[in-house]
Amino acid sequence: MRHFVVVGILVILMAVLTYVGLDSAGLMPVQASAQAVPIDRMWNEQVIAMSFLFALIVVPMVYSLLVFRRKKGDTTDAAHVEGNTKLEIVWTILPLFAVLVFAYLGGNSLAQTLRADPDAMVVKVTGRQWSWSFEYPGYGVTSTELRLPVGKQVYLQMTSTDVIHSFWVPEFRVKQDLVPGRVTELRITPTLEGSWKVRCAEICGAAHYSMQTPVTVMSQADFDAWMAGEVALVSEAAATPEGRGEALVRANGCTACHAVNGVGGNIGPSWNGAFGEEVKLADGSTVPGDEAYLTESIKSPQAKIMAGYETQLMPTYGLTDEQIADIVSFIKTLK
Amino acid sequence: MTKSKSVGSGLLLLVIGGVVGYGIGLGLDAVITGKPNFSGSVAGLFALLASVTAFFFGVFGYRGITRGLTWQVAGTILGGLFVTAIRFLMGMRGSALFGGFFFSEPAWVFGALVGAVSFLFGVGAVDDWMKWARGLDTPDHHEDVPGWEKYLGVSLDHKVIGIQYTVTALVLISVGGLFALIFRTELAASQLQFLTSTFRLFNQTGPQIYNALMSLHGMVMIVSILLGIAGVMNYVVPLLLGAHDMAFPRMNAFAFWLAVPAAVLLLLSLILGGFETGWTGYPPLSSRGPVGVQMFFLGVFVAGWSSILGALNVLATVLRMRAKGMTAMRLPILVWASVATSIISLTATQLIGLSFQLVMFQRLLGMGFFDPAKGGNPVLFQHLFWFYSHPAVYVFVLHGLGVISELLPVFVRKPLFGYRWVAMSSLGIALVGFIVWAHHMFTSGMNEYLRVPFMYSTLLVAVPTGVKFFSWVATIWGGKIATPAPTPLLFTVGAIFVFLLGGLTGPPNATVSVDLHLHDTYFIVGHFHDTIFGGFVFPFFAALYYWFPKATGRRMNEFWGKVHFWLMTPSFLILTFGMMRIGLLGMRRRIVDYDTALGFDTTHLVLTICGFLIALSVLIFLINFFRSMKHGEVATGNVWNSRSPEWQVPSPMPAHNYGVPFEVVGEPYDYGLPGSKYIEFAPAQGKKH
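Undergrad: Describe the overall build of chain B, naming the residues involved and giving the relevant values.
TA: The number of helices and strands found in chain B is 21 helices and 2 strands. The C-alpha radius of gyration of chain B comes to 25 Å, within 12% of the 26 Å expected for a compact globule of 689 residues. If one aligns the C-alpha atoms of chain B with their principal axes, the spans along those axes are about 80 × 65 × 45 Å. Scored against the burial criterion, the 689 residues of chain B give a buried share of 63%.

Undergrad: Talk me through the environment of P507(B); I want residue IDs and the actual numbers.
TA: Note on placement: P507(B) falls in helix α17 (residues 507–510). Sequence separation of P507(B) and L459(B) is 48 residues, and the distance between their C-alpha atoms is 6.2 Å. Apart from residues no more than four positions distant in its own chain, P507(B) is found in contact with Q46(A), F102(A), L459(B) and A462(B).

Undergrad: Go over unusual backbone geometry with me, naming the residues and quoting the values.
TA: Residues and elements named next belong to chain B. Along the chain, P283 connects to P284 via a cis peptide bond; the corresponding omega equals 5°. Along the polypeptide, P284 turns up in the loop between α9 (249–271) and α10 (292–320). Here T483 and P484 are connected by a cis peptide whose omega angle stands at -10°. If you check the backbone angles, Q191 has positive phi at about 75° while not being a glycine. Positionally, Q191 belongs in the loop between α7 (158–187) and α8 (206–241). Phi is positive for F202, which is not a glycine, with a value near 50°. Mapping F202 onto the fold places it in the loop between α7 and α8. The buried category is assigned to F202, around which 24 C-beta atoms lie within 10 Å.

Undergrad: How would you explain the sheet that holds strand β9 (residues 194–200) of chain A if you had to name every residue and give the values?
TA: One key point about sheets: their strands pair by backbone hydrogen bonds, in either a parallel or an antiparallel sense. Residue and element names in this part refer to chain A. The strand order across the open sheet formed by 5 strands is β4-β10-β9-β6-β7, and the pairing between neighbours is mixed. The open sheet is flanked by β4 (146–149) and β7 (175–178), the only strands paired with a single partner. Averaged over all pairs of adjacent strands, the angle between strand axes in this sheet comes to 25°, irrespective of strand direction. As paired elements, β4 and strand β10 (residues 212–218) share 4 bridges and run parallel to each other. Following the sheet pairing, L146 is matched in β10 by V215. The sheet strands contacting helix α4 (residues 220–237) are β4 and β10, and the helix crosses β4 at an angle near 135°.

Undergrad: So what's going on with the domain arrangement of chain B? Residues and values would help.
TA: Residue and element names in this part refer to chain B. Segmenting chain B into domains produces domain 1 (155–331) and domain 2 (659–689). Taking only C-alpha atoms, the centre of domain 1 and the centre of domain 2 are 37 Å apart. Contacts between the two partners involve 6 residues from domain 1, matched on the other side by 7 residues from domain 2. Residue composition of the side of domain 1 that touches domain 2, by class: 2 nonpolar, 2 polar and 2 charged.

Undergrad: Kindly report on the domain arrangement of chain A, identifying the contributing residues and their values.
TA: Interface size is commonly expressed as the accessible area that is lost once the parts come together. By domain assignment, chain A separates into domain 1 (2–65 + 85–114), domain 2 (121–235) and domain 3 (238–332). The C-alpha centroid of domain 3 of chain A is placed 55 Å from the C-alpha centroid of domain 1 of chain A.

Undergrad: I'd like a description of the environment of S389(B), backed by residues and values.
TA: All names here are of chain B. One can find S389 in helix α12 (residues 378–412). Residue class for S389 comes out buried when judged on the 21 C-beta atoms lying within 10 Å of it. The spacing of S389 and L351 is 38 residues in sequence and 8.5 Å in space, taken between C-alpha atoms.

Undergrad: Explain the nonpolar core residue by residue, including any values.
TA: Residues and elements named next belong to chain B. V223, W257, L265, L266 and A542 are the most contacted members of the largest nonpolar core, which has 308 residues in total. A total of 24 residues in this core trace back to one element, the largest contributor, which is α8. Those residues within four positions of A542 in sequence are excluded, and the remaining contacts are V403, L407, P488, F491, T492 and A495.

Undergrad: If you had to explain the sheet that holds strand β5 (residues 154–160) of chain A to someone new, which residues and values would you point to?
TA: Residue and element names in this part refer to chain A. A sheet is described by the order of its strands in space; here 5 strands give the open sequence β3-β2-β1-β5-β8, paired in mixed fashion. If you trace the sheet from one side to the other, it starts and ends with β3 (141–143) and β8 (184–188), each paired once. Within this sheet the neighbouring strands show an average axis-to-axis angle of 25°, counted without direction. In the sheet, strand β2 (residues 131–136) pairs with β3 via 3 bridges, with the strands oriented antiparallel. Its bridge partner lying in β3, E135 is registered against T142.

Undergrad: An account of the packing of helix α5 (residues 105–123) of chain B against α10(B) is requested, with residue identities and associated values reported.
TA: Residue and element names in this part refer to chain B. The contact between α5 and α10 brings their axes to 10 Å, and the two run at 25°. In this view, α5 runs roughly parallel relative to α10, as classed from their interaxial angle. Here α5 runs over α10; the crossing is right-handed. On α10, the residues that touch E105, W108, V109, A112, L113 and A116 of α5 are Q294, M295, L298 and V302. Per-class residue counts for the contact of α5 with α10 are 8 nonpolar, 1 polar and 1 charged.

Undergrad: Before we move on, could you go through the packing of helix α5 (residues 241–251) of chain A against helix α7 (residues 321–332) of chain A and cite the residues and values that matter?
TA: Residue and element names in this part refer to chain A. Direction vectors running N to C along α5 and α7 enclose 100°, while the axes themselves pass 7 Å from each other. By the angle class used here, α5 and α7 are roughly perpendicular. Where α5 abuts α7, its residues P241, E242, R244, G245, E246, L248 and V249 lie against Q323, A325, D326, I327, S329 and F330. Class assignment for the residues of the contact of α5 with α7 results in 6 nonpolar, 3 polar and 4 charged.

Undergrad: Kindly report on the environment of R200(B), identifying the contributing residues and their values.
TA: Residues and elements named next belong to chain B. Topologically, R200 is positioned in the loop between α7 and α8. A C-alpha to C-alpha distance of 9.6 Å links R200 and F38, two positions 162 residues apart in sequence. Sequence-distant contacts of R200, that is, excluding residues within four places in its chain, are made with S39 and T205.

Undergrad: For α4(A), give the residues involved together with the corresponding values.
TA: Taking 1.5 Å of rise per residue, the 18 residues of α4(A) would be expected to cover 26 Å, and the 25 Å separating its terminal C-alpha atoms lies within 8% of that figure. The buried fraction of α4(A) amounts to 0 of the 18 residues, a small share that puts the element mostly on the outside.

Undergrad: Residues and numbers for the interface of chain A and chain B, please.
TA: Taken residue by residue, the interface counts 69 residues in chain A and 74 residues in chain B. Counting residues per element, the ones that place at least two in the side of chain A that touches chain B are α2 (36–67), α3 (85–114) and β7 of chain A. Among the elements that make up the side of chain A that touches chain B, the one with the highest residue count is α2(A) (14 residues). The residue inventory of the side of chain A that touches chain B, partitioned by class, reads 39 nonpolar, 17 polar and 13 charged.

Undergrad: Talk me through the pairing of β5(A); I want residue IDs and the actual numbers.
TA: The two faces of a sheet get side chains in turn, since along a regular strand they alternate between them. Residues and elements named next belong to chain A. Residues of β5 alternate between two faces, with V154, L156, M158 and S160 buried on one and Y155, Q157 and T159 left unburied on the opposite face. Here 7 bridges tie strand β1 (residues 121–128) to β5, and the two strands are oriented parallel to one another. Following the sheet pairing, V122 is matched in β5 by Y155. Taken together, the 5 bridges between β5 and β8 define a ladder with antiparallel strand orientation. Each bridged residue has a counterpart across the sheet, and for Q157 the counterpart in β8 is E185.

Reading guide: rules and limits
Residues numbered from 1 in each chain as written. Chains lettered and ligands numbered in written order. Predicted model: local features only at pLDDT ≥ 70, side-chain atom pairs only at ≥ 80, totals over all residues. Helix = DSSP H or I, 4+ residues; strand = E, 2+ residues; numbered from the N terminus. Rg over C-alpha atoms; globule rule 2.2 N^0.38 Å. Buried ≥ 20, exposed ≤ 12 C-beta atoms within 10 Å, placed from the backbone. Contact = placed C-beta atoms within 7 Å. Pairing = 2+ DSSP bridges. Axes fitted to C-alpha atoms, helices over the stretch in contact; angles between N-to-C directions. Domains from an automatic or database assignment. Nonpolar A, V, L, I, M, F, W, Y, C, P; charged D, E, K, R; others polar. Core = buried A, V, L, I, M, F, W, Y, C linked by C-beta atoms within 7 Å. Parallel < 35°, antiparallel > 145°, perpendicular 65-115°, else oblique. Left-handed = near helix turned anticlockwise from the far one by under 90°. Expected span 1.5 Å × (residues − 1).

Structure, rendered in structure tokens:
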């Protein structure tokens, strides 16, 4: 009997200590969305359960190992206890009950993260190897960064042009895959102004690790100002081929792989000076870096691969001839 | 010829074969592509195959495994040439005919398939069946030559096959662990250090090699787990049942030898362009990559056959070959666990084979199963894949949990608490395991509302798992625990503790809303390493230390066993705690590099150090394991004072197991009940065969 009392006290002590320890360790990143609230609450309930169950198993086990050690010289067996059906029923029924409670709480918590606001702002998200773009249909603006006004629900309609990607901003908690050929949805209500990153969470190839882009949550006024600027840029750019080209480059996320003025990825060749210089190809030959070469390289990227980039497979983007001409005009401006 | 001498000549030939193979590959590649590629796939391919085959030739001569590997290489080349010839006749030339990897993809797939089948013929795994087909008789038993040579050729003895499985598993664990060390080193600090985008190996850049190593670490470890479990089951289950062998000895050997070409295919995938998909192989990513993806699919496909046939054999053996009086509730508990494991392997493995086969066909024949452009659905693959791959996790752990239940009573000198409940909980986990698969897909875009029933079913797994934990604690409670703890007990207790951590970190992933945050992060990586170490690695080591004397008549060194345990356990705990912590804070899975701004550098450095310490502890184990075979303390008796039948006869076990059959007359775990007996040997009579 004495053993049971001691262990009972130790279990409670251990459970409390474990919970306090885990709780004060700061396990979760900053809470920056309304959806994070029910998730963090649910997580906290899980941590309580984990701490208790951890103590419930570990304390009697370690206690036994220390207290019921075989004494020196003792060669007899322990007491012959085969089991206890009542006890087995208890530790089947009680966990079953606990499981049902947690599943119910989990269902509620999920429902809260899915709550839809009819006035939500729609943003169309496109993922591709290895970049993001965000289209604001109400404004005719497409950006490679996601900017959101604080306190307003955003309704993300997401798709992928190639393989499966996954939209995840750790500070927002929720995550959703982008599946080619269909549109998946995610609702997020940012509650905290600040700058975070959306990171692709589903492996999508060689540069999966670098498929991330800034997410900025700003006040409604700042957002409106930014949006007005973007709208003006769009109409201004639409007037010239290189302006349209630059907009297309942004919309298609080209700079994830190709650096422009030193900014961007290094998976493909940089575009500065790409026009006009001799290009050394993988098979050893050289071609002039003229309009024809650039056009062909966008249309069928594998036709003439530049030396050093043999293993990188650039996708085709389904651009029209006019759009490709615009992009080439843009590249021509880069020295 | 002594063993050390032949291993020496094997190593010499390994080096020579590697160099010669590399030269041939380099030359062939240069002829086809017009310029030599020193770090290319073809040179690496020939170097690998030639060195491995030459090693076994040096050790063993041209028979058994050497002949199998030679036939596999020849079969692969012939099959590849056959398809290449057809393509030539169809009018293809140049790179359309060959592709970037010596053969085109269809030629590789057909060649690899022919190669795997050729291996089985070459090694001799189908000899008896071929003789039967020709109307010839074969003896019931093939007497093995004494000594170590029987392990490198086909043997029908379940004990030999068990050891073959176990050693193969240890080899693959070492290979998979080596892969982990390579990418763990890259992860030690943020930014790319050596796996950079200018790095080139096997036609892959640094990040691509990272992805391939990471994916192969997963699949090689999974195969090694399946082989390790098969090893322990093969060795122990017939002994526990009192059987003289498995029900189908030839199929048993066949199933083991399937695993060898499967392992070769998996390693080929790294060389033939790698695969970047993770072990899950989700299309459309897996329908795009180089030919390595196909080798990965084929390797898993062949290994799956091995698993299915092995499981069938275990079930048949348990059903048909139990000793007299061994009723269902008097079965050793490990047999119950083996049955539960085998039911899953027998019935679910087909689904991973099928899902991979569909992607193979999509690539080879243009069938659009998962291609949205042709009306296919990528999410469908995930359903098919996880329908096996979740139950597979229970394959990995259920057997290990059975080892825990089997060993605990021996070392605490008390009956297993609630035997029936523990036995039934294994079946319960196995059955519930079939209806939980979609919890891997909460963020996949599957039907939103379906996620809720899968959350309920997944959480339900906690109930039978809880029964096991409570029963173990009650078994230990009030026992007379062996002091100082022998190594098998250390690993058993370690297994309970580590599996508890894996179990407790499971429900958050099962709860949909929390999983939306946890999915595809290092939290998951930490969680499943806990479950796999607790459910497989620790029990596997416990089983090896425990049954080693039975197999060899010698004990493994206790001191080094304890060093192994006390080095591995804390390192491993820090490793998984660290993984879970950074996972919660935003560390994604399967990335070669992470933002410096996240502040994970210190943690990752610690994780890498822990990874190397685990590797060191396993190295200590391996040295102890192979050294003790020859130099270990002699132990022919009932080393652990167990009631189990295999310990009632002297070690090592003779060729056809029990000379005299036994009858079960009591309960298996009645420690502490004076005068009780589990088995009784029949009075000596005419020699049994």
